[in-house]
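Here are the chains, one letter per residue:
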Amino acid sequence: MQTEVLDLMRMHSCFEGLEDDALVEIAEHMEVVRCKPGECVHQPNTPLTNIYFVVLGTLKATRRDFHGNEKVIGVFSRDDQIGAMLAMEISEAVPEGLFAITNCTLLKLVHKQALSLAPKYPKFRLNVLKAALRNYRRLFFEEKSKPQPRIVAIFHSSPATRPLTQRIVRRLTELGEQPWVLSDRDEEKQGGDAGYTALSKGDCELFISEIREQIKISHGRNSGRLFIDVDAALDRERASQLIELSDSVMWCVQAGDEKSAADRLKANCAEIPGCRTKSNVVWLLADGYQTSPFAPELSELVSGDFKITFSEPQSPLGKTLAYGVERLIHYLRGIKIGLALSGGAARGMAHLGVLRVLEQNGIVVDMIAGTSAGALTGIPYASGVSADHWVERFVSDLTPPIAFRCLPNGNHWYLVYKYRSGQFDGMLRRYFSDWRLEQLPIPCCAVTLDLVSGEPIVRDHGDVVHAILESINLPGLSEPIFRDGRALVDGGLVKNVPADVLVDYGCNYVIAVSVTAKIEREFPPNPRHAPKSTMSRASTIQTILRSLLVQNKSVNSVGMRQADAIIEPDVTRCELTDFVRAGEMAAIGEQAALAELSNIKEQLMQLDNRLFADVAKR
């Protein structure tokens with residue numbers, strides 16, 4: 001039993017630098033605790049009398065609010081400690097509870113015993129103090145940081161995905177990390193960007209023992225990042241144990257591999273509670289393709305989805321399609337950048353200029369949330385096609401025919417015609433066919449409003465065109481869309497800038513773009529102090545659109561509170577139906593983004609100064 005305790009202690013930084021006799025004495029007072037997902041480690045409202053050292057797995061600290069709702073106030077993973085706050089025992093009841101998220105292996109030390117050992121072994125006391133301060137900074141001063149997986153298993157369904165590991169390792173090395181690779185292929189060591197160890201082809205016990213030994217060794221290096229790179233055909237026993245030892249799992253697949261990958265993942269995770277939480281699928285897109293196959297069986301088994309390509313995208317595809325590997329690096333570094341795009345009818349074309357600036361400056365967006373016009377522009381961009389191309393398409397598709405241009409307020413009547421004749425569906429289907437949101441290279445979602453429940457609905461999966469149409473469905477110009485027992489209309493009525501939605505999806509840096517923050521002080525074209533006798537009247541359509549604009553402006557603050565950076569293009573000179581001026585509005589969005597760019601770069605540097613060093617130099 002003590003041998004096991006010593007082995008586990010050597011896997012935790014709190015015991016680094018201790019002599020063997022110190023480890024042996026401390027081990028005598030240690031207890032190994034293993035818990036399954038959902039299991040309680042510390043009951044709320046009871047004294048915290050133990051220190052827990054997390055060796056494997058992830059836990060959450062929770063607290064109940066006045067309404068009885070559970071709130072997660074902290075997440076702890078490998079190499080963290082829980083319960084040591086500057087050498088003071090917490091003898092009073094604490095409201096926080098501690099629960100396992102995945103299978104966990106912990107070392108438990110009674111707090112009083114730790115206090116008696118600390119004076120005898122100053123290095124141990126210093127290590128625990130450093131760990132406690134690290135937790136304190138993360139929870140109270142660096143709340144935006146996310147846990148970084150240190151032990152990553154990469155399963156390859158095809159030899160074609162093998163270069164991914166080398167690309168990840170090369171990028172992390174550029175960022176100052178010292179990753180190490182354990183591989184079942186000798187060819188991997190030719191990469192030269194990281195340490196390398198070949199895994200044994202022998203029995204399972206030897207295979208797993210080699211990995212455990214390397215995990216111990218990795219704690220002696222600066223970064224401690226370890227990648228286990230194996231064929232997805234690895235036998236079930238080894239694969240299951242490897243998954244359990246890992247903080248994160250990546251299943252790398254190509255089109256045609258999804259069925260076998262789903263079967264293997266399902267079999268390997270059958271006896272591993274919480275396996276889905278740490279599992280991700282990484283799609284290698286075929287040359288010239290911008291979407292992955294629709295694979296619901298595989299999607300249900302993972303919590304993350306990434307799309308990558310090793311080739312340079314060709315027009316009209318944009319650079320964002322080539323940023324797939326960098327999104328994986330964001331994930332490994334604990335970064336998730338979200339972009340929230342507001343509603344605002346045709347004025348939402350300004351979003352395309354913002355997207356252009358972010359892309360040109362190498363700011364890789366990990367998720368997009370759009371409401372109304374934000375969905376109309378954000379979701380097409382998430383498909384991998386450049387912002388400039390969409391400017392051209394919207395101008396071409398939404399310019400009124402000559403018959404409408406000859407009418408007074410022809411732009412307005414053409415918009416009504418497009419809605420009531422159902423032409424938006426056909427227009428969008430030409431580009432998206434029957435694609436689904438989960439197939440797109442950038443994760444995205446659209447916000448709509450359900451008139452039945454009165455609640456906003458966030459669509460992150462399902463038919464792309466349906467998601468856009470539901471979100472842009474303006475009341476008064478079109479009937480509600482009835483689907484799945486809901487009556488769906490424009491989401492801007494309740495959540496015009498969905499920055500809070502992105503926070504709920506785990507984004508720790510959110511850029512919000514509002515095209516309704518500024519509003520012209522005249523309606524329709526009447527100045528505020530115009531004499532009544534000279535004032536022109538507003539049409540019914542103008543009144544509906546103006547009312548929606550005012551509503552959008554009034555609810556902007558609701559969703560924007562959690563945004564880190566806010567971009568507010570002034571597009572008040574453009575009509576709400578003026579899609580033909582999409583290029584002009586995109587240029588306004590570009591200028592607004594450039595004005596905020598230095599602030600965004602500065603904030604990103606504070607989040608991870610190495611990851612965003614190149615961005616800051618542009």
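The structure this text deals with has already been given above.
Throughout what follows, the structure given in this document is the object of discussion. Small disclaimer: the values here were computed from a predicted structure and weren't measured.

## Let's talk about the nonpolar core
Piece 1. If you look at the biggest cluster of nonpolar residues, it comprises 159 residues, and the most contacted ones within it are Met 9, Phe 15, Phe 53, Leu 107, Phe 155, Ile 211 and Ile 379.
Piece 2. Among the elements that make up this core, the one with the highest residue count is helix α21 (residues 582-607) (nine residues).
Piece 3. When residues no more than four places from it in sequence are discounted, the contact partners of Leu 107 are Val 5, Leu 8, Met 9, Phe 15, Met 30, Glu 31, Val 32, Ile 51, Tyr 52, Phe 53 and Val 55.

## With respect to the sheet that holds strand β9 (residues 97-100)
Piece 1. Read across the open sheet, the four strands follow the order β2-β9-β5-β6; overall the sheet is antiparallel. Lying at the two open borders of the sheet, with one neighbouring strand each, are β2 (40-42) and β6 (70-76). Neighbouring strand axes in the sheet, compared pairwise and without regard to direction, differ in orientation by 35° on average.
Piece 2. In this structure, strand β5 (residues 59-64) lies alongside β6, joined through six bridges in antiparallel fashion. Its bridge partner lying in β6, Lys 60 is registered against Val 75.

## Details of the pairing of strand β10 (residues 104-110)
Piece 1. Taking burial as the measure, the seven residues of β10 include six buried ones, the bulk of the element.
Piece 2. Summarising the sheet, strand β4 (residues 50-56) and β10 pair through six bridges and their orientation is antiparallel. Bridging from a neighbouring strand, Leu 56 pairs with Thr 105 of β10.

## Quick look at helix α14 (residues 387-398)
Piece 1. For α14, spanning 12 residues, the distance from its first C-alpha to its last is 16 Å, which sits close to the expected 16 Å at 1.5 Å a residue.
Piece 2. Those residues of α14 hidden inside the fold are in contact with α12 (350-360), α13 (373-382), α16 (410-420), α17 (423-432) and α21.

## A few points about the pattern of salt bridges
Piece 1. Counted by the stated rule, this structure contains 28 salt bridges.
Piece 2. Of the charged contacts, one joins Glu 177 and Arg 333 as a salt bridge, the two residues approaching to 2.8 Å between their closest N and O atoms. With a gap of 156 residues between them, Glu 177 in the loop between α5 (163-174) and β12 (180-183) and Arg 333 in the loop between α11 (324-332) and β18 (337-341) connect regions that are remote in the sequence. When sorted by exposure, Glu 177 lands in the same class as Arg 333, which is buried.
Piece 3. With a closest N to O distance of 2.7 Å, Lys 495 and Asp 500 form a salt bridge.

## Overview of the side chain of Arg 225
Piece 1. Along the polypeptide, Arg 225 turns up in the loop between α6 (204-218) and β14 (226-231).
Piece 2. Judged by its relative accessible area of 3%, Arg 225 is buried.
Piece 3. A polar side-chain atom of Arg 225 sits 2.7 Å from a polar atom in the side chain of Glu 177.
Piece 4. Of the polar contacts made by the side chain of Arg 225, one reaches the backbone oxygen of Leu 332; its length is 2.8 Å.
Piece 5. In this view, Arg 225 contacts Gln 148, Pro 149, Arg 150, Leu 172, Glu 177, Gln 178, Pro 179, Trp 180, Leu 332 and Arg 333; residues no more than four positions away in its chain are not counted.

## Overview of unusual backbone geometry
Piece 1. For the bond running from Ser 315 to Pro 316, omega is 10°, close enough to zero to count as cis.
Piece 2. Locating Pro 316 in the fold gives a position in the loop between β17 (304-308) and α11.
Piece 3. The phi torsion at Asn 45 lies on the positive side, around 60°, for a residue other than glycine.
Piece 4. Positionally, Asn 45 belongs in the loop between β2 and β3 (46-48).
Piece 5. Note on Asn 45: relative accessible area 55%, which makes it exposed.
Piece 6. Backbone geometry places Ser 433, a non-glycine residue, at a positive phi of 45°.
Piece 7. Residue position: Ser 433 is located in the loop between α17 and β20 (444-450).

Conventions we followed
Residues numbered from 1 in each chain as written. Predicted model: local features only at pLDDT ≥ 70, side-chain atom pairs only at ≥ 80, totals over all residues. Heavy atoms only, no water. Core = buried A, V, L, I, M, F, W, Y, C linked by side-chain atoms within 4.5 Å. Buried < 20%, exposed > 50% of the residue type's maximum accessible area, 1.4 Å probe, protein only. Helix = DSSP H or I, 4+ residues; strand = E, 2+ residues; numbered from the N terminus. Contact = heavy atoms within 4.5 Å. Pairing = 2+ DSSP bridges. Axes fitted to C-alpha atoms, helices over the stretch in contact; angles between N-to-C directions. Expected span 1.5 Å × (residues − 1). Salt bridge = Lys/Arg side-chain N within 4 Å of Asp/Glu carboxyl O. Polar contact = N/O pair within 3.5 Å; in protein donor to acceptor, adjacent residues only side chain to side chain.

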